[in-house]
Amino acid sequence: MSEYQYYEFYALDQPLTSEAQAEMRRLSSRVQLTATSASFVYNYGDFRGNPFAVLADYFDAMLYITNWGTRQLMFRFPATLIPTHVMEDYQFADSIEWSSEGEYAILNIQLNEEAGGEWVDGTGMLSRIAPVRNDVLRGDYRALYLAWLMLAEYELGLLEDDEDLTEPPVPPDLHALTPALHGFLEFFEIDPDLVAAAAETSTKAEHTIEELAPLLDRLSGSEKQAFLVRLLSGEPHLDVILARRLRELSGARTDQTPLGERRTIRHIVAASKHVRKQRLEIEQQQREAAHLKKLELIGQHEAQLWAKIPGLIDQRRADTYDEAVSILSDLRSLAVHQQRTTEFHTRLGSFAVSIRPYVAFTPASRKQDSFRAMDSVNYESSP
């Protein structure tokens, strides 16, 4: 099996300069390059650059995936916009790492699974996940918590019986994920039931943008003027800075889960098993309800369905034969539900005689499937 490596970089704050684009072409003549992105695919060989350096110098987001189990996301943030306590709270040895590179803070999230070898394709993944970076800038740390959750569950299998890991602060709205966060879950293959269990202690977000707007009146005249001047000068991420200032004025809490109330990964995993059991029970109930609704509809048209079958058989075509078998299967389900299988079996016998001569002349590739379908209806309906 050949190797597969996929690198993709996104520039989110500003487009690439001509010099940056030239550097990407120098790294590979087969680079897929736009004014804001660069992607590289390798089935043999390797990336000629240093991914960390490429991100730090030119881009704001990077995705890396291989068919041997490595999945990696890196984000570049203006260092002044990531509070120190966030970098301290959301980290995991060798897997969630923060580092400084000039005026930037670099976040590296990496999962190295030993099980690999499956087919993967990273094309288009980063475009879906990239908005997570702006979420983090705006103080939404759900992606950081989800990364910890994934890695803690993975690490759980390596812990001793008396060891455990305590969760970081649980961000608000963990029970209402955005499309970008769903993309994040899919990329790292995070168990949705585990997320649902973790979200049980997540609160509703305080002070949305709409709720912050009235707080603008609390800014002094000089502070408002200063923000407007900065806006005219094109200062990046001024909306993030202003929202943070308004939250300060509102007195909103920054830590939604005090240390004494935080759970361990063992506790969350145990809760996820209960969540999964409840989900499966609900899904089973929904399937049963849908099945009963379908049977009710079939019962309303039972006479018409029986009357339709001879015409379908007489056409002696594969598609009409398949339709006849499908109708018979539905009628068999209705008979089982109504405990009328003897009646159904009697009526089925005459159609089976009509259908089998047609099946005998179908191509060999279809004959086996045709007999199997007919026999299945016949057998399952037997009294």
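Residues numbered from 1 in each chain as written. Predicted model: local features only at pLDDT ≥ 70, side-chain atom pairs only at ≥ 80, totals over all residues. Heavy atoms only, no water.

Asks: For the packing of helix 6 (residues 142-156) against helix 12 (residues 265-300), give the residues involved together with the corresponding values.
Replies: Interaxial distance between helix 6 and helix 12 falls to 10 Å at its minimum, and their mutual angle equals 90 degrees. The pairing of helix 6 with helix 12 is recorded here as roughly perpendicular in orientation. The residues of helix 12 that touch helix 6, namely those facing Tyr145, Trp148, Leu149, Ala152, Glu153 and Leu156, are Ile265, Arg266, Ile268 and Val269. (Axes fitted to C-alpha atoms, helices over the stretch in contact; angles between N-to-C directions. Helix = DSSP H or I, 4+ residues; strand = E, 2+ residues; numbered from the N terminus. Parallel < 35°, antiparallel > 145°, perpendicular 65-115°, else oblique. Contact = heavy atoms within 4.5 Å.)

Asks: Explain the pairing of strand 6 (residues 96-101) residue by residue, including any values.
Replies: When a strand is regular, its side chains alternate between the sheet's two faces. Sheet analysis places strand 6 next to strand 7 (residues 104-112), joined by six bridges and oriented antiparallel. Paired with Glu97 across the two strands is Asn108, which belongs to strand 7. Connecting the antiparallel pair strand 6 and strand 7 is a turn made up of two residues, with Gly102 showing a positive phi of about 65 degrees. (Pairing = 2+ DSSP bridges.)

Asks: Give a description of the side chain of Glu167 that names residues and reports values.
Replies: Within the element layout of this structure, Glu167 appears in the loop between helix 6 and helix 7 (179-188). Engagement of the side chain of Glu167 in a polar contact is seen with the side chain of Tyr145, the distance being 2.6 Å. Among the polar contacts made by the side chain of Glu167, one reaches the main-chain amide nitrogen of Arg263 at a distance of 2.8 Å. (Polar contact = N/O pair within 3.5 Å; in protein donor to acceptor, adjacent residues only side chain to side chain.)

Asks: Requested: an account of the pattern of salt bridges, with residues and values cited.
Replies: Overall, the coordinates contain 23 salt bridges when judged by the stated rule. Salt-bridge contacts for Arg142 lead to Asp140; the nearest nitrogen and oxygen are separated by 2.7 Å. For the pair Arg142 and Asp140, a shared accessibility class is recorded, and that class is buried. The salt bridge involving Asp330 is made with Lys294; its shortest N-O contact spans 3.3 Å. Of this pair, Asp330 sits in helix 14 (residues 318-338) while Lys294 sits in helix 12; the two residues are 36 residues apart in sequence, bridging distant segments of the chain. Among the ionic contacts, a cluster of salt bridges with common partners joins Asp191, Asp193, Arg276, Arg279 and Glu283. (Salt bridge = Lys/Arg side-chain N within 4 Å of Asp/Glu carboxyl O. Buried < 20%, exposed > 50% of the residue type's maximum accessible area, 1.4 Å probe, protein only.)

Asks: Describe the pairing of strand 4 (residues 61-66), with residues and values.
Replies: Most of strand 4 sits inside the fold, with six of its six residues counted as buried. On strand 4, burial covers both faces: Ala61, Leu63 and Ile65 on one face and Met62, Tyr64 and Thr66 on the other are all buried. Note: strand 1 (residues 5-10) against strand 4, six bridges, orientation antiparallel. From the neighbouring strand, Tyr6 faces strand 4, where its bridge partner is Ile65. Bridging between strand 4 and strand 5 (residues 70-78) involves five bridges; their strand directions are antiparallel. Looking across to strand 5, one finds that Tyr64 is bridged to Gln72. Connecting strand 4 to the next strand, strand 5, in antiparallel fashion are three residues, including Gly69 with a positive phi near 110 degrees.

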